Amino acid sequence: MFERQIIALVGGMCSGKDTWADFFENEFDYTKISTSDAVRDYIRRNNLGEPTRDNVRVIASEMRKLNGKDYLVESALSSNPYANLVFSGLYTVAEAQCIKKHGGVVVGINADDSVRFKRMAIRGRSGEYPSKKEYVRLANSDLRSVDTDQTLEAVLQIVDYSIDGNVPITNTELCRNMAMRVLQIFNRQQEGLHV
């Protein structure tokens, strides 16, 4: 029924989603889709302000409200109809359910707060200021936003598998083993669908 592989990587900011998506792209020939990057591009093209984490969250919520709860995922799926895809950055249950509806797996990436805070300070993205207070505010807003439809906390409850985002991606052997486990789970689910 499903002829391509779809993986969605979910987790808090700086947990390693984009790094892991790059790993799947480079090691297993997946096409990387970052829903957050798509929203940042939309913000820039339409002059909607700075692409800060807060603004991305608000604009993404507005896009889903206007176009459907799974709009960002569905539009990426239809734009890439044949490629194996790895999504980075889903923040709503509807988006995760959309991945599953299309035969994909949702993978949580867990990383310690200390690791995530260091990564935030290093990358220096617009609207992310390297203070513990700001880190906590942004991390909590990702989990359960009061002003948008973002509910990462609920998404993390329905993952099919979790991987350790604390492991440096330079540890290729361990990362490859974790990635292979994700692919085994995907294949097992596909076999179950064909029974």
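Here, the structure is the one placed above.
The rules behind the values
Residues numbered from 1 in each chain as written. Predicted model: local features only at pLDDT ≥ 70, side-chain atom pairs only at ≥ 80, totals over all residues. Heavy atoms only, no water. Buried < 20%, exposed > 50% of the residue type's maximum accessible area, 1.4 Å probe, protein only. Helix = DSSP H or I, 4+ residues; strand = E, 2+ residues; numbered from the N terminus. Pairing = 2+ DSSP bridges. 1 Å grid on protein atoms, 1.4 Å probe; cavity = no way out; pocket = protein on both sides within 12 Å on 5 of 7 lines; lining within 4 Å. Points joined across faces, edges and corners; volume = space filled by probe spheres on them. Axes fitted to C-alpha atoms, helices over the stretch in contact; angles between N-to-C directions. Parallel < 35°, antiparallel > 145°, perpendicular 65-115°, else oblique. Contact = heavy atoms within 4.5 Å. Nonpolar A, V, L, I, M, F, W, Y, C, P; charged D, E, K, R; others polar. Core = buried A, V, L, I, M, F, W, Y, C linked by side-chain atoms within 4.5 Å. Phe/Tyr/Trp six-rings, centres within 6.5 Å; stacked < 30°, edge-to-face > 60°.

Visitor: Please explain the pairing of strand E1 (residues 6-10) as it appears in this structure.
Guide: For a regular strand, side-chain orientation follows a simple rule: the groups alternate between the two sheet faces. Judged by how many residues are buried, E1 sits mostly within the fold: 5 of 5 residues are covered. The alternating pattern of E1 places Ile6, Ala8 and Val10 and Ile7 and Leu9 on opposite faces, both of which are buried. Where E1 and strand E3 (residues 85-88) come together, 4 bridges link them in parallel fashion. Of the residues in E3, the one forming a bridge with Leu9 is Ser88.

Visitor: Would you mind showing me how to read the layout of surface pockets here?
Guide: Empty space among the atoms becomes visible once a probe the size of a water molecule is rolled across them. For the largest pocket, the calculated volume is near 350 Å³. Around the largest pocket, the lining comprises 23 residues; the ones closest to its centre are Gly16, Lys17, Asp18, Thr19 and Arg123. For the lining of the largest pocket, the secondary-structure elements that each account for two or more residues are helix H1 (17-28), helix H2 (35-45) and helix H6 (113-123). At 4 residues, the largest contribution of residues to the lining of the largest pocket is made by H1.

Visitor: Would you explain the packing of H2 against helix H3 (residues 53-67) in this entry?
Guide: Think of two packed helices as two axes; the pair is described by the angle between the axes and how far apart they sit. At a minimum axis distance of 9 Å, the contact between H2 and H3 shows a crossing angle of 90°. When the axis of H2 is compared with that of H3, the two are roughly perpendicular. Residue-level contacts link Ser36, Val39, Arg40, Tyr42 and Ile43 of H2 to Asn55, Val56, Ile59, Ala60 and Met63 of H3. For the contact of H2 with H3, a count of residues per class yields 7 nonpolar, 2 polar and 1 charged.

Visitor: So what exactly am I meant to see when it comes to the nonpolar core here?
Guide: What tends to happen in soluble globular proteins is that the nonpolar side chains get buried as a cluster. Ranked by internal contacts, the top residues of the largest apolar core, which has 21 residues, are Ile7, Leu9, Trp20 and Phe24. Listing elements by their share of this core, those giving two or more residues are E1, H1, strand E4 (105-110) and helix H9 (172-193). For this core, the element with the highest residue contribution is H9, accounting for 7 residues. The contact partners of Leu9, leaving out residues within four places of it in the chain, are Lys17, Trp20, Ala21, Val86, Phe87, Ser88, Gly89, Leu90, Val107 and Ile109. Ala8, Ile33, Ala76 and Val155 belong to the second largest nonpolar core, which has 17 residues in total.

Visitor: It is not clear to me how the packing of aromatic side chains should be interpreted in this structure. Could you clarify?
Guide: The final tally for this structure, using the stated rule, is 6 aromatic pairs. A ring pair is formed by Trp20 and Phe23, whose centres lie 5.4 Å apart and whose planes are at 65°; its orientation type is edge-to-face. Residue Trp20 and its partner Phe23 are both found in helix H1; the two are separated by 3 residues, about one turn of the helix. The residues Trp20 and Phe23 share a single accessibility class, namely buried. Ring geometry for Phe24 and Tyr30: centres 5.7 Å apart, planes at 75°, overall edge-to-face. Overall, the relative accessible area of 3% leaves Tyr30 in the buried class. Cluster of aromatic residues (ring-pair linked, three or more members): Trp20, Phe23, Phe24, Phe28 and Tyr30.

Visitor: How should empty space enclosed by the protein be read in this particular structure?
Guide: Scanning all chains against the criterion turns up 1 cavity of 30 Å³ or more. Roughly 120 Å³ of internal volume is contained in the largest cavity. Looking at the largest cavity, it is lined by 13 residues, and the ones nearest its centre are Ser36, Val56, Arg57, Tyr91 and Gln150. Looking at the lining of the largest cavity, the elements with two or more residues in it are H2 and H3. With 5 residues, the top contributor of residues to the lining of the largest cavity is H3.

Visitor: Before we go on, may I ask you to explain the environment of Arg116 in this structure?
Guide: With respect to the helices, strands and loops of the structure, Arg116 is situated in helix H6. Arg116 gets classed as buried once you look at its relative accessible area, which sits at 11%. The spatial distance from the C-alpha of Arg116 to the C-alpha of Ser15 is 5.7 Å, given a sequence separation of 101 residues. When residues no more than four places from it in sequence are discounted, the contact partners of Arg116 are Gly12, Met13, Cys14, Ser15, Ala111, Tyr135 and Ala139.

In short, geometric facts, not functional conclusions.
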